[in-house]
Amino acid sequence: MNFYYAFLFFLLGSVLASFYGVVATRLPQNQSLIKPRSHCVKCHHVLSWYELIPIFSFLFLKGKCRKCHEKLSIYEPIMEFLLGLSFSMSYLFFGFSYSLWMSLILLSLVCLIFVSDFQYMIILDSPLVISSFLIFGLKWYYFGISEAWNALEDGVILFLIFLFIGYLGSLLFKREALGGGDIKLSFVMGLSLSTPYALMALILSTFLALPYATFSLCSTNEREVPFGPFLVAALAIVFFFQDKFAYILELFRF
Ligand SMILES: [Zn+2]
């Protein structure tokens, strides 16, 4: 039975990744989600249903468009596989519980923000709003309304902290230090984790971003680096390993 559900969660993750790919690519360009239908970027051949099956259609078509044999993007099937895998791993780790639903929401955010922020330097509002409602609802359902309000408070606290850091950064560096999307994302960070854990996620994210920022500064002289992917990745990591981070937090409590 476990295996059966693990497989179902794999399918769910890969189908959602395919949908998120469309959302995070089209919405930043103000394109409709429905029209035009998915097509080959070269010959505009509209994909039929079996060419839209995540991962399998890529394998089946041997990575090429059926009409013009243009190579298909390898990133999509990889993303579909990874989200499917991480969904089914979450199920195997957590079983049907609060942590499972939370991790599905956070992994979805990781996927959406990676695609939109790395491609367009944009964090979409709609995933942040939807996930905030879902997380608030989950906390309410599992822990009661007062816990849910507490989480909301943590969200506001984090938001204010980020706003302040952003303001300080722009004074120091004379340009926007934290994007508006990053500041909005901090609300979801506080809402998901409590304030101390969310701050640890912030610290972790700077460590994650540093090698990338150094690399992109050296290789392309690019000074603007998307920070959202590192923030949301750190959020997911701290959520998954909260018990480990609890030890670190203990060290700072006198
Ligand atoms: Zn084609």
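Computed from a predicted model, the values in this text were never measured in an experiment.

Rules of the game
- All residue numbers refer to positions counted from 1 along the written sequence of the respective chain.
- At least 70 in pLDDT is required for a residue's local features to be given in this predicted model, at least 80 for side-chain atom pairs to be given and counted, and no such filter applies to totals for whole chains, interfaces and linings, which use all residues.
- To get the side-chain values, take all heavy atoms of the structure and skip hydrogens and water.
- Only N, O and S atoms count as donors, using a 2.8 Å cut-off from the metal and 3.2 Å for Na, K and Ca, and because water is excluded some sites may appear unfinished.
- Geometry assignment treats four donors as tetrahedral when all angles are between 85 and 135 degrees, treats four as square planar and six as octahedral when opposite donors are over 155 degrees apart and all others between 65 and 115, and treats everything else as irregular.
- Strands are runs of DSSP state E lasting at least two residues, helices are runs of H or I lasting at least four, and both sets are numbered from the N terminus onward.
- Working definition: with a 1.4 Å probe on protein chains only, accessible area under 20% of the residue-type maximum means buried, over 50% means exposed, and in between means partly exposed.
- To qualify as a nonpolar core, a set must consist of buried Ala, Val, Leu, Ile, Met, Phe, Trp, Tyr and Cys residues joined through side-chain atoms within 4.5 Å.
- Contacts are residue-level and defined by heavy atoms, with any inter-residue pair within 4.5 Å sufficient.
- Domain boundaries shown here were taken from an automatic or database domain assignment.
- We define buried area as the total accessible area lost by two parts upon association, computed with a 1.4 Å probe and summed across both.
- Whenever a carboxyl oxygen of Asp or Glu lies within 4 Å of a side-chain nitrogen of Lys or Arg, that contact is scored as a salt bridge.

Draft legend 1. Region of the structure containing the coordination of the zinc ion. Donor atoms from the polypeptide that bind the zinc ion are Cys40 (SG), Cys43 (SG), Cys65 (SG) and Cys68 (SG), placed at 2.2 to 2.3 Å. Classification of the site at the zinc ion as tetrahedral follows from its four donor atoms and the range of 105 to 112° in their angles at the metal. In terms of primary sequence, the donors binding the zinc ion are separated according to C-x2-C-x21-C-x2-C. With a gap of 25 residues between them, Cys43 in the loop between α1 (2-26) and α2 (56-60) and Cys68 in the loop between α2 and α3 (75-94) connect regions that are remote in the sequence. A relative accessible area of 33% places Cys43 in the partly exposed class.

Draft legend 2. View of the nonpolar core. Counting 40 residues, the largest nonpolar core has Phe162, Leu185 and Leu193 as its most contacted members. Those elements giving two or more residues to this core turn out to be α4 (98-120), α5 (125-143), α6 (145-173), α7 (180-192), α8 (195-220), α9 (228-240) and α10 (242-251). Those residues in contact with Leu193, other than ones at most four positions away along the chain, are Asp154, Ala198, Ala201, Leu235, Val238, Phe239 and Gln242. Grouped together as the second largest cluster of nonpolar side chains are 16 residues, Val23, Tyr91, Leu107 and Val115 included.

Draft legend 3. A look at the domain arrangement of the protein chain. Domain assignment breaks the protein chain into domain 1 (1-95) and domain 2 (97-254). Between the C-alpha centres of domain 1 and domain 2 the distance comes to 25 Å. Listed by partner, the interface residues are 17 residues for domain 1 and 18 residues for domain 2. A combined buried area of about 1,500 Å² lies between domain 1 and domain 2, and 80% of that area is made up of carbon and sulfur atoms.

Draft legend 4. Up close: the pattern of salt bridges. In the structure shown here, the tally under the stated rule is four salt bridges. Between Lys184 and Asp125 there is a salt bridge, with its nearest N and O atoms 2.9 Å apart. On the criterion of sequence distance, the pair formed by Lys184 in helix α7 and Asp125 in helix α5 is long-range, its members being 59 residues apart. Assessed through its relative accessible area of 38%, Lys184 is described here as partly exposed.

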